[in-house]
Structure formats: C-alpha cells, structure tokens
Amino acid sequence: TMFSMADSVSEAAWYQKLHTVLLLGVIVFVICVFLHWFLNTALGLSIRATGDNESMVRASSVNPSFTITVGLCISSSLTALSGALLAQYQQSCDINYGTGQVTIALASLMIGVSLIRRGPIFLRTVGVILGSCLYRLIVAVAMKFNMPAEFLKLASALIVTAAICAPSLKAGFGFYAKRLRRGRVQE
C-alpha cells in the first residue's frame, strides 16, 4: 500500500505516525485544489447552477441531466478514492464499513457549512474538511466517556441536529441582540 511504502522510508515510530498525516494531508490538499479549479470552469459552474436552480440551467440551453451525471460521477469517484485509502490504511476491507457513512458525511457537511457560510469554493471545501475533523473529534470525546454503542449513535444524531440548527440559532440570537441594542438606545 502507499502507507507501507511510506513506512519503509524510516523505522522511527514518530515518523510512521507523521507520514500518515502528511500523506493524507497532501492528498486532501490536491483534491481541494482540483475541486476549486474544476468548479470554477464552465462545466463546474453549470453543475453548481444546476444544484441551485435546475429550471434556470435548462433555460440557459444546458442539459441538466448531463450536469447531474457529471456531478454524480465526480462524487462517486471521490467516494471510491476515500474507500480505497481507508482500505489501504487499515489493510483490510469489509462491506459493513459504509454503514452510517451518509450520516457522517451529512454531519460533516452541515458542520462545515455552519463554520464557513460564504466565500470562494476553496474556502467552503476547507470548511467541510474542518467540519469532518470536528465531527470526528466530537465522536472521539464521546467515546472517551465510555459510551455504549447505542449512545454513540444518539450522540451522532445529536451532532447532526446541532449542526442543522446552528445557523438558525445564530440568526435568532443576532436578531435578539439587535433588538436589545435598539431597546437600550431608545431608553
């Protein structure tokens, strides 16, 4: 595997942990740069527009079926890449590894979107990566408290719920803060 090839460079224990993080970091960075480049091309902009408003894309003489198919192809290839990297890292593979991954992906996406709502595609992609790391950190903390497996699924559901509710709560708190400031100014 690519991890065992990197292990063979040095026998030091600290290097073997560091090289895994660096190798995966480089892969993630290359994918972010590729997505940033691709989503700013004409086809990438068409895919983004199809996600926002399919009727407008159809009115612009772009076939939305084609853009949806290309988007699904790209997402499926990234899913396959992540599965291959996981199988190489763990040096085994099981059909049950994918169970619950949609929940994890949605939680990571929601946390990333709540962290970085606006900005260029590269910054949003970094936000999703940070959301993924934050999700795994929260799950690790939950596991540190020796939670049973059933509660781990509950914790995962609560993380997703909090990530979905966070933007609305933030907007609500901002509204009430403005109201309080206006009330103090009028007095």
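Residues numbered from 1 in each chain as written. Predicted model: local features only at pLDDT ≥ 70, side-chain atom pairs only at ≥ 80, totals over all residues. Heavy atoms only, no water.

Chemist: An account of the packing of helix α3 (residues 42-52) against helix α5 (residues 64-90) is needed here, citing residue identities and associated values.
Modeler: Packing of α3 against α5 leaves a shortest axis separation of 9 Å and a crossing angle of 100°. Looking at the two axes, α3 sits roughly perpendicular to α5. Note on element contacts: α5 touches α3 through Pro-64, Phe-66, Thr-67, Ile-68, Val-70 and Gly-71, opposite Leu-43, Ser-46, Ile-47 and Thr-50. When the residues that make up the contact of α3 with α5 are grouped by side-chain class, the tally is 6 nonpolar, 4 polar and no charged. (Axes fitted to C-alpha atoms, helices over the stretch in contact; angles between N-to-C directions. Helix = DSSP H or I, 4+ residues; strand = E, 2+ residues; numbered from the N terminus. Parallel < 35°, antiparallel > 145°, perpendicular 65-115°, else oblique. Contact = heavy atoms within 4.5 Å. Nonpolar A, V, L, I, M, F, W, Y, C, P; charged D, E, K, R; others polar.)

Chemist: Break down the side chain of Thr-67 for me, citing the residues and quoting the values.
Modeler: With respect to the helices and strands, Thr-67 occurs in helix α5. Thr-67 gets classed as buried once you look at its relative accessible area, which sits at 2%. For Thr-67, the side chain forms a polar contact with the main-chain oxygen of Pro-64, separated by 2.9 Å. Apart from residues lying up to four places away in sequence, Thr-67 is in contact with Leu-43, Ser-46, Ile-47, Thr-50 and Val-62. (Buried < 20%, exposed > 50% of the residue type's maximum accessible area, 1.4 Å probe, protein only. Polar contact = N/O pair within 3.5 Å; in protein donor to acceptor, adjacent residues only side chain to side chain.)

Chemist: Describe the pattern of salt bridges, with residues and values.
Modeler: According to the stated counting rule, one finds 1 salt bridge in the structure shown. In this structure, the salt-bridge partner of Glu-54 is Arg-58, at a minimum N-O distance of 3.0 Å. Taken as a pair, Glu-54 and Arg-58 lie in helix α4 (residues 54-59) at a separation of 4 residues, close to a single helical turn. (Salt bridge = Lys/Arg side-chain N within 4 Å of Asp/Glu carboxyl O.)

Chemist: Please give an account of the packing of aromatic side chains that cites residues and values.
Modeler: In this structure the tally under the stated criterion is 3 aromatic pairs. Seen from their ring centres, Phe-29 and Phe-122 are 6.4 Å apart, and the 85° between their planes marks the pair as edge-to-face. Placement of Phe-29 in helix α2 (residues 13-39) and of Phe-122 in helix α7 (residues 121-144) is noted, with a sequence separation of 93 residues between them. By relative accessible area, Phe-122 is classed as partly exposed at 29%. Ring centres of Phe-34 and Trp-37 lie 6.0 Å apart, and the angle between their planes is 40°; this geometry places the pair in the tilted category. Residue Phe-34 and its partner Trp-37 are located together in helix α2, separated by 3 residues, close to a single helical turn. Its relative accessible area of 40% is what places Phe-34 among the partly exposed residues. For Trp-37, a relative accessible area of 54% gives the class exposed. (Phe/Tyr/Trp six-rings, centres within 6.5 Å; stacked < 30°, edge-to-face > 60°.)

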